Amino acid sequence: MLIALAGNPNTGKSSLFNAITGAHQHIGNWPGVTVEKKEGTITFEGKKITIVDLPGTYSLTAYSLEEVITRNFILEEEPDVVVDVIDATNLERNLYLLTELMELTDRIVIALNMFDEAKKKYKLDVKKMRELLGLPVIPTVAIKDKGIKDLLHACLHGYFKPKKLSYPEDVENRVEKLQRMMENLDLKNKRWHAIKLLENDSEVRKKFANLGRKDILHEAEHLRHEIEDIYGDDIETLIASFRYSFAHGLFHEVAEPLNVGGVTITDMIDHVVAHKIFGLPIFLVVMYLSFEFVFVVAAPFQDAIDLIFNGKTLASGQHINGLIDISYHWMASFMPNWASSFINYGMLRGLAAVLTFTPIIMFLFLILSILEDSGYLARVAFLMDKLMRKIGLEGRGIISLMLGFGCNVPAVMSTRALKNERERELSIALNPLIPCGARIQVFAFITAIFFKHNQALVMWSLILLSMGVVALLGYVYSKTIFKGKAEPFVMELPPYRVPSLKGIFIHMWEKSEGFLRKAGTIIVGAAGIIWLLAALPWGVQFGGENSYIGQIAHFLAPVGAPFGITPESIIALFFGFFAKEVVIDVFYVLYGTKEALFAAMTPLQAYSLLLFILFYTPCVATLATIYNETKSTKFVLFVILEGFALALFFSFLAYTIGSFLGVGG
Amino acid sequence: MKLQTKVLLSVIYSSILASFSLILGIFEIAGSLGLHTNFAPPDIMGGFSLIIASSLILYGAKNTVKFLYDGLSFYLVGLALLIAIGLLNIIIALADLLDYYILCIGENCSGYSAHIRPEIYIFFLALLGLYPFFVRWHFRRKVP
Ligand SMILES: Nc1nc2c(ncn2[C@@H]2O[C@H](COP(=O)(O)OP(=O)(O)O)[C@@H](O)[C@H]2O)c(=O)[nH]1
Ligand SMILES: [Mg+2]
């Protein structure tokens, strides 16, 4: 006899497996993949029973390897009994998988595991659950070996008459129609295959394509569109919502939350931060506090690093040497001046630039890791789910967008957490519109010069504008280019906890690693090139009108005029393409001092420039990441065009309106 | 003193503090829109944060007095936010001080003239409002 243990991750499958098999187990891998496979054999009531621990899954779609392994095992190996191990403390959420298992097999025994904990949370009517489901339901406590005998007994002698979920009639009709078309095919569970075909399941579609049954695929496609038309929603959302309503209904029939004892701190916090009116403002406040913290705390570190490397020129005109000056003089003692200047004021200063803005990035990732590890980001995902759905993403989409404030590179990579390909692409398309730490750094530099008294206001206007544009474009995209609705997904709400220092630093490091690598290579290289352009041709004044960089600026002057963008800024923007931080470096090379920069532009021009920097093309590293994740040159081009279109639009708008009203001129 | 009275007193105390913070927040926003006052630094997002934190406290006050978790939740999250805002301002003040001396190196600077934002006082005052948290186990889910 073969018994398979299925269930969500962390429901105690392995504990149950250990409790049943004791030492008699064998650990290997599923054929061809590195997912662990555990098998054990016991003798119970004189019968030899083999038990297999299946990978933990939340559903049985074709989106992950674990899900495919689980459903194929049940479908092909036809275990005599599938034990659905349910975490009874999270009953409702766990019931979703049950609805899917019930479509796959009739012989299911439900293990209500963690019953010890669940009893504290609600009153569970196990008998009623058995009746409603028509399946054996056995409370177990795997870690205390409780309920194991009952469970095995139910597996051997249980009564299996499952009352399955049935879909609305117009769906069921179509399922049957497809089933009839499969009549003379050698398939194990035709209803399941029919449902999966309607669901547009990639694996099952492949199977039928291999069988050469294009006719069935076409019919399924046709029927799917009919259903989507009837309900005005996409099929995945629909089918999932039917399953949810089953799980939800069942839960309310059998569980009654207890009104005794205390409420956990987690419950109390959730009551407020996930509140339908207060939740969103609280989120904004948390964001604001986080960003304020980052900028303020990073500032002294940045200034200290700047001082150490670059030294400073005092008001008296005297220059205190920094490391770079010292190194320049030392090298000049044994090599030509120009070479020492290139190495030190070109390359080394680029490196120093990288180091001065690392504090902002590190603190940003620090705070994002704290928010994530404490459990708050999960609430944000939950809270934003409804809003995010309006822009075609599920709640978790907000997390990769927020990571974008640190650096778009890890943010784009984090979209892998979104299961659905359309949502991933949409999320990637929106991500570069979130100003990353480097761009925010440039904003801080420019606003500090031009908007001394309203710096925070100007910074926030940019950040809020970017969020507004993301929301608007997300809405438009989800109706057009990335058409579709977000897949429904049960939000996991882990209890709040004080994050561990180690965890925070590991997560912080994971996120900043790629960024730092980019910084060390691209930025130093770009700084070297900028130095050469400013120093050549031989003998000109560094960064002056006759240098290459000066000539390019002169040539470009008419291009930026309608936007109030100066030629120098255009050069800065060009180099910003390699890494946004380089913009600051170029300004230093071209203008020399902050005062000169201040004199070169009106505040209106500066604001127009800020808007341009906010949106124009993401940096090389981000584009490379986007290409890696999508493998599509078209997608990369799309992102670049999107950025430029928005940048041109907003800076033109601001400059025109501003000039017309005569503000900031 | 009876437990009821103690909780009532600390809630009244926090409500007064919250009302003050609310007004401060409104004036901070007004300040950044051009209506300057002496006691409120102009700060649009800072003002917004104060308003949200104090609204939570005021919103939860009534049910906290009634020993209901519903009230206590809002009351405590509001206080926590108020404390966080105060803490942030303390950190800002310290970081500013540090930054001032770093930028001063080699220069002939006059001493640092600290300017203390009202949020810093609020931080210490808000800590005193936490009392109901410590009697949390006397609270109920619903009105019996
Ligand atoms: N309180 C309680 N904890 C359990 C029970 N069964 C498992 N656990 C705990 O739940 C966690 C996850 O268990 P595990 O067997 O690894 O789950 P799996 O991911 O489904 O294999 C472990 O920390 C177990 O100790 C139970 O019946 N009661
Ligand atoms: Mg396991």
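Fair warning: this is a prediction, and the values are worked out from it, not measured in the lab. (Residues numbered from 1 in each chain as written. Chains lettered and ligands numbered in written order. Predicted model: local features only at pLDDT ≥ 70, side-chain atom pairs only at ≥ 80, totals over all residues. Heavy atoms only, no water.)

What to know about the overall build of chain B
- Within chain B, the secondary structure is distributed over five helices and zero strands.
- Residues classed as buried in chain B amount to 47% of the 144 residues present.
- Restricting to contacts in chain B with at least 6 residues of sequence separation, those with at least 24 account for 68%.
- Looking at chain B as shown, the accessible area adds up to about 7400 Å², and 70% of this sits on carbon and sulfur atoms. (Helix = DSSP H or I, 4+ residues; strand = E, 2+ residues; numbered from the N terminus. Buried < 20%, exposed > 50% of the residue type's maximum accessible area, 1.4 Å probe, protein only. Contact = heavy atoms within 4.5 Å. Areas by Shrake-Rupley, 256 points an atom, 1.4 Å probe, with all protein chains shown as cover.)

Considerations on the interface of chain A and chain B
- Taken residue by residue, the interface counts 33 residues in chain A and 36 residues in chain B.
- Summed over both partners, the interface of chain A with chain B comes to about 3100 Å²; 76% of that surface belongs to carbon and sulfur atoms.
- On the surface where chain A and chain B come into contact, there are zero salt bridges.
- Run the count over chain A and chain B and you get three residue pairs in polar contact (both at pLDDT 80 or more).
- Residue assignment for the side of chain A that touches chain B shows that the elements contributing at least two residues are α12 (265-273), α13 (279-310) and α21 (455-479) of chain A.
- In terms of residue count, the dominant contributor to the side of chain A that touches chain B is α13(A) (15 residues). (Buried area = accessible area lost by both parts, 1.4 Å probe. Salt bridge = Lys/Arg side-chain N within 4 Å of Asp/Glu carboxyl O. Polar contact = N/O pair within 3.5 Å; in protein donor to acceptor, adjacent residues only side chain to side chain.)

Observations regarding the site of ligand 1
All names here are of chain A.
- In the region of ligand 1, 15 residues are neighbours, and Asn10, Lys13, Ser14, Ser15 and Ala142 sit closest.
- Serine 14 has a polar side-chain atom sitting 2.7 Å from an oxygen atom of ligand 1.
- Between ligand 1 and aspartate 116, the relevant distance is 3.0 Å, taken from a nitrogen atom to a side-chain nitrogen or oxygen of the residue.
- For ligand 1, the protein covers 71% of the area, taking 580 Å² as the surface of the free molecule.
- For the shell around ligand 1, the secondary structure elements donating two or more residues are α1 (13-21) and α4 (115-121).
- The element best represented in the shell around ligand 1 is α1, accounting for three residues. (Near = heavy atom within 4 Å.)

What to know about the confidence of the model for chain B
Residues and elements named next belong to chain B.
- Here chain B averages 86 in pLDDT, and 97% of its residues register 70 or above.
- When pLDDT is averaged over each element of chain B, helix α2 (residues 44-65) comes out on top at 92 and helix α5 (residues 131-134) at the bottom at 80.
- At the level of chain-chain contacts, confidence expressed as ipTM amounts to 0.92, with global pTM at 0.63. (pLDDT = per-residue confidence, 0-100.)

Quick notes on the side chain of B:Glu28
Residues and elements named next belong to chain B.
- As for its position among the elements, glutamate 28 is in helix α1 (residues 3-32).
- The buried category is assigned to glutamate 28, whose relative accessible area is 0%.
- Not counting residues within four places of it along the chain, the set of residues in contact with glutamate 28 comprises Ala40, Pro41, Pro42, Asp43, Ile44, Gly46, Gly47, Leu50, Arg117 and Glu119.

Some remarks on the environment of B:Ile122
Residues and elements named next belong to chain B.
- Locating isoleucine 122 in the fold gives a position in helix α4 (residues 118-127).
- Overall, isoleucine 122 belongs to the buried group, its relative accessible area being 2%.
- Here the alpha-carbon distance between isoleucine 122 and leucine 87, two residues 35 residues apart in the chain, equals 9.4 Å.
- Apart from residues no more than four positions distant in its own chain, isoleucine 122 is found in contact with Leu17, Phe20, Ser21, Leu24, Leu50 and Leu82.

Observations regarding the sheet that holds strand β6 (residues 108-113) of chain A
Residue and element names in this part refer to chain A.
- Spatially, β2-β3-β4-β1-β5-β6-β8 is the arrangement adopted by the seven strands of the open sheet, whose pairing is mixed. In this open sheet, the two edge strands, each paired with only one partner strand, are β2 (25-29) and β8 (137-139). The mean inter-strand angle of the sheet, taken between neighbouring strand axes irrespective of direction, is 25°.
- As judged from the seven bridges shared by strand β3 (residues 36-44) and strand β4 (residues 47-53), these two strands associate in the antiparallel manner. In the strand pairing of β4, glutamate 39 is matched with valine 52.
- Sheet contacts for helix α3 (residues 91-104): β1 (2-7), β5 (81-87) and β6; angle to β5, the most-contacted strand, approximately 165°. (Pairing = 2+ DSSP bridges. Axes fitted to C-alpha atoms, helices over the stretch in contact; angles between N-to-C directions.)

Points about empty space enclosed by the protein
Residues and elements named next belong to chain A.
- A complete count under the given rule lists three cavities of 30 Å³ or more for this structure.
- For the largest cavity, the calculated volume is near 60 Å³.
- Lining the largest cavity, in full, are Met287, Ser290, Phe291, Leu364, Ile367, Leu368, Leu371, Met402 and Phe405.
- For the lining of the largest cavity, the secondary structure elements donating two or more residues are α13 and α15 (337-374).
- If you tally residues by element for the lining of the largest cavity, the top one is α15, at four residues.
- Among the residues forming the lining of the largest cavity, the class breakdown is eight nonpolar, one polar and no charged. (1 Å grid on protein atoms, 1.4 Å probe; cavity = no way out; pocket = protein on both sides within 12 Å on 5 of 7 lines; lining within 4 Å. Points joined across faces, edges and corners; volume = space filled by probe spheres on them. Nonpolar A, V, L, I, M, F, W, Y, C, P; charged D, E, K, R; others polar.)

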